[in-house]
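What follows is the residue order along each chain.
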Amino acid sequence: MDADWNALSDDMQLAITRAALRHAANSIAGQAETLAAEMEAGHLADRGGADALRLLAAILRSQQHEALVPVGQG
């Protein structure tokens, strides 16, 4: 795998890395929203967690392009 990765151009490596980070952020945001819904439905104990999870999801999605730019880029 390393040999294949290193054979890619720097631009291609950055594009793949950015896509992977966007996918990870969207996955985390989706899981946060799912947990918030489970808390609201009473399936998990809620101590203000639903609002905090929705805030996390919103932050991940709103700053997706800014926060996930690799160091030295942008």
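It should be emphasised that the depicted structure is a prediction, and the values quoted were computed from it without experimental measurement.

Caption draft 1: Expanded view of the pattern of salt bridges. Taken as a whole and judged by the stated rule, the model has two salt bridges. Taking the shortest distance from any N to any O, the salt bridge between R61 and E33 comes out at 2.8 Å. Of this pair, R61 sits in helix α3 (residues 49-62) while E33 sits in helix α2 (residues 10-40); the two residues are 28 residues apart in sequence, bridging distant segments of the chain. For E33, a relative accessible area of 34% gives the class partly exposed. For R54, the salt bridge identified is with E40, shortest N-O distance 2.9 Å. Within this pair, whereas R54 is found in helix α3, its partner E40 is found in helix α2, the two being separated by 14 residues in sequence. Judged by relative accessible area, which is 34%, R54 ranks as partly exposed.

Caption draft 2: Region of the structure containing the nonpolar core. Judged by nonpolar contacts, A29, A32, A36, M39, A50, L53 and A57 together constitute the single largest core of seven residues. Top contributing element to this core by residue count: α2, with four residues. In contact with A57, not counting residues within four places along its chain, are A29, A32 and E33.

Procedures and definitions
- Residues numbered from 1 in each chain as written.
- Predicted model: local features only at pLDDT ≥ 70, side-chain atom pairs only at ≥ 80, totals over all residues.
- Heavy atoms only, no water.
- Salt bridge = Lys/Arg side-chain N within 4 Å of Asp/Glu carboxyl O.
- Helix = DSSP H or I, 4+ residues; strand = E, 2+ residues; numbered from the N terminus.
- Buried < 20%, exposed > 50% of the residue type's maximum accessible area, 1.4 Å probe, protein only.
- Core = buried A, V, L, I, M, F, W, Y, C linked by side-chain atoms within 4.5 Å.
- Contact = heavy atoms within 4.5 Å.

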